[in-house]
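Spelled out from the first residue to the last, the chains are:
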Amino acid sequence: FREQPIFSTRAHVFQIDPNTKKNWVPTSKHAVTVSYFYDSTRNVYRIISLDGSKAIINSTITPNMTFTKTSQKFGQWADSRANTVYGLGFSSEHHLSKFAEKFLEFKEAARLAKEKSQEKMELTSTPSQESAGGDIQSPLTPESINGTDDERATPEVTQNSEPRAEPTQNALPFTHSSTISKHWEAELATLKGNNAKLTAALLESTANVKQWKQQLAAYQEEAERLHKRVTELECVSSQANAVHTHKTELNQTIQELESTLKKKEEEIEGLKQEIDNARELQAQRDSLTQKLQEVEIRNKDLEGQLSDLEQRLEKSQNEQEAFRNNLKTLLEILDGKIFELTELRDNLAKLIECS
């Protein structure tokens with residue numbers, strides 16, 4: 001009960017592919033609840049998400065984390081302790097922005113908690129250093145020893161484990177040295193892995209050098225053979241110079257004749273095109289003349305219809321004017337009748353009151 005959810009939302013959860021480090025792998029088939037939790041005992045903020053009974057996100061927020069918006073509805077952050085990158089797909093840009101704001105807020109709170117934890121560690125470690133007779137401190141920075149100070153001073157509690165008590169002041173030096181030892185073991189393992197990779201790359205490079213040497217020797221043999229062939233062809237070409245000159249003259253004459261023939265053919269094609277265009281223009285002129293005659297006839301008919309319509313309109317306007325006058329007269333009569341009825345009603349009302 002020491003961890004309480006302080007903000008929750010729903011999103012699709014993804015993790016980076018550990019093999020390619022490029023593709024996203026969905027860890028939930030549908031949108032699940034993603035919550036920020038606060039551990040008041042250890043002053044730690046965590047992001048937790050469950051898919052059924054399985055924890056698909058269990059990430060402690062540290063000051064060096066960064067939440068990045070990669071699109072309008074998707075964001076991601078890297079967790080060095082879990083050695084993975086988490087991605088969240090939201091249903092709207094508003095939910096993404098709200099989650100990012102909370103991330104920045106709790107990241108700042110984690111930074112403040114880290115500074116307070118460092119102050120407490122300095123105060124508690126001062127008596128131990130004096131009693132140890134001035135032991136030499138490790139040159140490593142707090143961030144380089146298996147994570148940040150808040151992660152080291154307050155060890156992670158997994159979902160299925162029981163809460164552990166905080167380490168006492170006397171146990172801090174042992175925990176610190178154990179952490180340094182684990183860090184150097186991890187560094188040694190990393191160096192061994194890098195050494196193995198460099199050895200493999202060196203062997204591959206050696207094999208490639210041998211292959212390139214063989215290819216170079218083959219290319220040199222091919223170049224010598226081609227050089228001999230060029231020498232033979234030059235000897236043959238000296239005998240065929242006369243034939244080649246005569247052939248060149250004939251080819252040039254043929255090209256000139258072909259060029260002249262091509263020009264004549266182009267002129268003939270141009271004349272044919274002009275004749276076809278003239279015929280098309282004549283046909284278009286005849287068609288336009290016929291259409292113009294039809295339009296003139298249609299125009300006369302429309303003028304007659306327009307005159308008839310103008311007469312009808314004038315007659316209709318006269319009838320409407322007469323109708324309006326009749327309506328005005330009727331309205332005047334109705335106004336008089338209404339006035340008489342009003343007087344009659346008032347008189348009747350007075351009679352009723354008097355009686």
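Overview of the structure.

Analysis parameters
- Think of each chain on its own: its residues are numbered from 1, step by step along the sequence as written.
- In keeping with the predicted nature of the model, local features appear solely for residues at pLDDT of at least 70, side-chain atom pairs appear and are counted solely at 80 or more, and the whole-chain, interface and lining totals rest on all residues.
- To obtain the side-chain values, all non-hydrogen atoms of the structure were included, while hydrogens and water were left out.
- By nonpolar core we mean a set of buried residues, namely Ala, Val, Leu, Ile, Met, Phe, Trp, Tyr and Cys, connected to one another through side-chain atoms within 4.5 Å.
- To sort residues, take the accessible area from a 1.4 Å probe on protein chains only and compare it with the maximum for the residue type: under 20% means buried, over 50% means exposed, and anything in between is partly exposed.
- For the purposes of this entry, the term helix denotes a DSSP run of H or I that reaches at least four residues, the term strand denotes a run of E that reaches at least two, and both are numbered from the N terminus.
- Residues count as neighbours in contact if any of their non-hydrogen atoms are within 4.5 Å of one another.
- A patch consists of residues whose relative accessible area exceeds 30% and which take part in no salt bridge; residues with like charges are grouped when within 9 Å of each other, and nonpolar side chains (Val, Leu, Ile, Met, Phe, Trp, Tyr) when within 5 Å.
- Exposure was quantified through the Shrake-Rupley algorithm and a 1.4 Å probe, taking into account, for residues, occlusion by the shown protein chains and nothing else.
- In what follows, salt bridge is the name for a side-chain nitrogen of Lys or Arg lying within 4 Å of a carboxyl oxygen of Asp or Glu.
- Pairing of aromatic rings covers Phe, Tyr and Trp, the last through its six-membered ring, and needs centres within 6.5 Å; plane angles under 30 degrees mean stacked, over 60 mean edge-to-face, and all others mean tilted.
- A pair of strands is treated as paired once DSSP finds two or more bridges between them.

### Notes on the nonpolar core
Right, so step 1: With 22 residues, the main nonpolar core has Tyr36, Ile47, Ile57, Trp77, Leu88 and Phe99 as its most contacted residues.
Right, so step 2: Here the element with the most residues in this core is helix α1 (residues 93-131); it accounts for five residues.
Right, so step 3: Ignoring anything within four residues of it in the chain, the contact list for Trp77 reads Ile47, Ile57, Ser59, Met65, Thr66, Phe67, Val85, Tyr86, Leu88, Phe99 and Phe103.

### Here we look at a nonpolar patch on the surface
Right, so step 1: Taken together, the side chains of Phe323, Leu327, Leu330, Leu331, Leu334 and Ile338 define a hydrophobic patch exposed on the protein surface, amounting to about 570 Å² of accessible area.
Right, so step 2: Among the secondary structure elements, Ile338 is positioned in helix α4 (residues 241-354).

### A few points about the packing of aromatic side chains
Right, so step 1: Counted according to the given criterion, the structure contains 14 aromatic pairs.
Right, so step 2: Ring centres of Trp77 and Phe103 lie 6.1 Å apart, and the angle between their planes is 50 degrees; on these two criteria the pair is classed as tilted. Taken together, the residues Trp77 in strand β7 (residues 74-79) and Phe103 in helix α1 connect sequence positions 26 residues apart.
Right, so step 3: A relative accessible area of 1% means that Trp77 is categorised as buried.

### Some words on the pairing of β7
Right, so step 1: For strand β6 (residues 68-69) and β7, the ladder comprises two bridges, and the chain directions are antiparallel. Of the residues in β7, the one forming a bridge with Thr68 is Gln76.
Right, so step 2: Between β6 and the antiparallel strand that follows it, β7, lie four residues.
Right, so step 3: Summarising the sheet, β7 and strand β8 (residues 84-89) pair through six bridges and their orientation is antiparallel. When the bridges of β8 are listed, Asp79 appears paired with Thr84.

### Digging into the pattern of salt bridges
Right, so step 1: As enumerated under the stated definition, the model contains seven salt bridges in all.
Right, so step 2: Residue Glu108 is joined to Arg111 by a salt bridge in which the shortest nitrogen-to-oxygen separation is 2.3 Å. Within this pair, Glu108 and its partner Arg111 are both found in helix α1, separated by three residues, close to a single helical turn.
Right, so step 3: The class for Glu108 is partly exposed, based on a relative accessible area of 36%.
Right, so step 4: Note on Arg111: relative accessible area 31%, which makes it partly exposed.
Right, so step 5: Here Asp346 and Arg345 are joined by a salt bridge, their closest N and O atoms 3.8 Å apart.

Treat this as a map of the structure, not an account of what it does.
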